[in-house]
Amino acid sequence: MKISNDILTLVPYVPGKPIDETKREFNLTEVVKLASNENALGPSPKVLEAIQAAALEIHRYPDPACYDVISALSQLSGHSRASIVCGNGSNELIDLFIRVFAQPGDRVLVSENSFVAYPICAQAAHVQVEWIPSKSDLSFDVEAALKKIASATQNKIRLLFVANPNNPTGQYVSAADFQRILEAAQAHPDLLVVADEAYVEFVRAQDYPDGFALIKKYKNLVVIRTMAKAYGLAGLRFGYAVADPEIIQYIHRVRNPFNVNNIVQAAVIAGLEDLDYMRQSQECVWQGLDYFYKELSRLGLTYIPSQANFVLFDTKRNAEKVSYELLRRGVILRPLKGYNLPQFLRMSVGQAHENQVAIRALEEVLKLIPEQGA
Ligand SMILES: *Cc1c(COP(=O)(O)O)cnc(C)c1O
């Protein structure tokens, strides 16, 4: 075997710890998982119904064109069918965009403290990552990004990924700032700007950019969305990308023909129609975030206000230790080892009682572990 250095040194994605594994390891019967930004409501009943009906057709291959799904997404986005491609989770689309638009030796531009799928997929494709340093408050540094964009053609930068809102910080890039990025990128015909809007449904900020509208003006803008979060379909794997048809056609060329199975296609259509579920998801997250803000302040911890369905907070302690003690108490949060944020934990919003269990456990653990370097 001849394995390339990129594959040998690839550090795989570390998912949130599964509930069953935690129960086994710590001999627990009740576990609250607030580690993967999943929807706390459970699945939509309408989606479950659609899945049951679709199950009768699983001996057939799925529709490779995702015809009905793309019709629904065309309505939702205001873009033509040719402007849309579906993926097995938005993760597959991130992977495809890098493989299709960058070659070994090319670069992708990624902010520090952003989603780890971008550098992982890049490395797997033998594409280098050019990092945009983040600001001291961990937010996206627009000035630093503009500097990197200015040299995009010279440095073979083919894609810029902007997770907006960002995971794991919950911060966002404003409409004005995003417009500056898009304007700057226009000078570089071989550069695509990818807005990853995985948490768009939870945004409360008034000056958040309208990605779908901006595509009409900026032909090099790609918007990627997922149904894993607000629509509660994380386990089914579905995401989609919207962009100029010329861009989208290249993704269609390379994607697997049956990348979205027929159960998922049925679930997506039902999910997009279930507006009640969406409203409940949003309410649950907004109330949960406000509860977390209040409680974290009471515990003397600082947090980053979030536009997503999780909050990143500073434990002021070794977060690995805090996380371990929380696990022993049946609460799974997400330490951010790969991110150089050794004191931070990310906590997804759960149902009200889950949020309370998490805060109670956290309060206990904070008393147990002394603060570091005050
Ligand atoms: C959760 C998340 C996704 C969703 O990935 P899927 O593959 O659709 O589950 C995409 N981007 C970001 C930034 C995320 O946090």
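Details of the structure are given in the entry above.
Let us look at the structure shown here. (Residues numbered from 1 in each chain as written. Predicted model: local features only at pLDDT ≥ 70, side-chain atom pairs only at ≥ 80, totals over all residues. Heavy atoms only, no water.)

**With respect to the site of the ligand**
Here is step 1 of the chain: Around the ligand, the neighbouring residues are Gly-89, Ser-90, Asn-91, Phe-115, Asn-167, Asp-196, Ala-198, Tyr-199, Thr-226, Ala-228, Lys-229 and Arg-237.
Here is step 2 of the chain: Here an oxygen atom of the ligand and a backbone polar atom of Asn-91 are 2.9 Å apart.
Here is step 3 of the chain: A distance of 2.6 Å separates an oxygen atom of the ligand from a polar side-chain atom of Arg-237.
Here is step 4 of the chain: Relative to its unbound accessible surface of 380 Å², the ligand loses 93% to contact with the protein.
Here is step 5 of the chain: Take the shell around the ligand: its biggest share by element is three residues, from helix α5 (residues 89-101).
Here is step 6 of the chain: Counted by class, the shell around the ligand contains four nonpolar, five polar and three charged residues. (Near = heavy atom within 4 Å. Polar contact = N/O pair within 3.5 Å; in protein donor to acceptor, adjacent residues only side chain to side chain. Areas by Shrake-Rupley, 256 points an atom, 1.4 Å probe, with all protein chains shown as cover. Helix = DSSP H or I, 4+ residues; strand = E, 2+ residues; numbered from the N terminus. Nonpolar A, V, L, I, M, F, W, Y, C, P; charged D, E, K, R; others polar.)

**Some words on the state of the cysteines**
Here is step 1 of the chain: Inspection of every chain in the model, using the stated rule, returns zero disulfides.
Here is step 2 of the chain: Of the cysteine sulfurs around Cys-66, a residue in no disulfide, the closest is that of Cys-86, at 4.2 Å.
Here is step 3 of the chain: Accessibility expressed as a relative area gives 4% for Cys-66, which makes it buried. (Disulfide = S-S within 2.5 Å. Buried < 20%, exposed > 50% of the residue type's maximum accessible area, 1.4 Å probe, protein only.)

**Side note on the packing of aromatic side chains**
In this description, an aromatic ring pair is defined by two values, namely the gap between the centres and the angle between the planes.
Here is step 1 of the chain: Applying the stated criterion across every chain yields a total of ten aromatic pairs.
Here is step 2 of the chain: Pairing Tyr-118 with Phe-161 gives two aromatic rings, centres 4.5 Å apart and planes at 10°, and the pair type is stacked. Here the residue Tyr-118 occupies a position in helix α6 (residues 117-124), and Phe-161 occupies one in strand β5 (residues 157-163), the gap between them amounting to 43 residues.
Here is step 3 of the chain: A relative accessible area of 0% means that Tyr-118 is categorised as buried.
Here is step 4 of the chain: Relative to Phe-292, the ring of Tyr-291 lies with its centre 6.1 Å away and its plane at 45°, an arrangement referred to as tilted. Each member of the pair, Tyr-291 as well as Phe-292, carries the same accessibility label: buried.
Here is step 5 of the chain: Among the aromatic residues, those joined into a cluster by ring pairs are Phe-97, Phe-101 and Tyr-250. (Phe/Tyr/Trp six-rings, centres within 6.5 Å; stacked < 30°, edge-to-face > 60°.)

**Points about the nonpolar core**
Soluble globular proteins: nonpolar side chains tend toward being buried together.
Here is step 1 of the chain: Phe-178, Leu-221, Phe-238 and Met-347 are the most contacted members of the largest nonpolar core, which totals 81 residues.
Here is step 2 of the chain: No other element matches the eight residues that helix α12 (residues 275-298) contributes to this core.
Here is step 3 of the chain: If we ignore the near neighbours within four places in the chain, the residues touching Met-347 are Leu-34, Phe-292, Leu-296, Phe-310, Val-311, Phe-313, Leu-333, Ala-358 and Ile-359.
Here is step 4 of the chain: With 28 residues, the next largest nonpolar core counts Val-85, Ile-98, Ala-163 and Val-194 among its residues. (Core = buried A, V, L, I, M, F, W, Y, C linked by side-chain atoms within 4.5 Å. Contact = heavy atoms within 4.5 Å.)

**A word on the side chain of Lys-33**
Here is step 1 of the chain: You can see Lys-33 is positioned in strand β1 (residues 32-33).
Here is step 2 of the chain: Engagement of the side chain of Lys-33 in a polar contact is seen with the side chain of Ser-36, the distance being 3.4 Å.
Here is step 3 of the chain: Looking at Lys-33, its side chain comes within polar contact range of the side chain of Glu-38, at 3.1 Å.
Here is step 4 of the chain: Ignoring any residue separated from it by four or fewer positions in sequence, one finds Lys-33 in contact with Gly-16, Lys-17, Ile-19, Glu-38 and Ile-332.

**Digging into the sheet that holds strand β9 (residues 302-304)**
Here is step 1 of the chain: Overall, antiparallel pairing links the four strands, which are arranged β9-β10-β13-β12 in an open sheet. A single partner strand is all that each edge strand has here, and the edge strands are β9 and β12 (334-335).
Here is step 2 of the chain: Of the strand pairs in this sheet, β12 and strand β13 (residues 344-348) are connected by two bridges, and their pairing is antiparallel. Residue Pro-335 lies in a different strand from β13, and its bridge partner there is Leu-345. (Pairing = 2+ DSSP bridges.)

**A few points about the pattern of salt bridges**
Think of it this way: side chains of opposite charge can pair up when their charged atoms draw near.
Here is step 1 of the chain: Per the counting criterion, the structure on display carries 19 salt bridges.
Here is step 2 of the chain: In this structure, Asp-276 and Arg-279 form a salt bridge, with 3.1 Å as the shortest nitrogen-oxygen distance. Highlighted residues: Asp-276 and Arg-279, both in helix α12, separated by three residues, approximately one helical turn.
Here is step 3 of the chain: Look at Asp-276 and you get partly exposed, because its relative accessible area is 43%. (Salt bridge = Lys/Arg side-chain N within 4 Å of Asp/Glu carboxyl O.)

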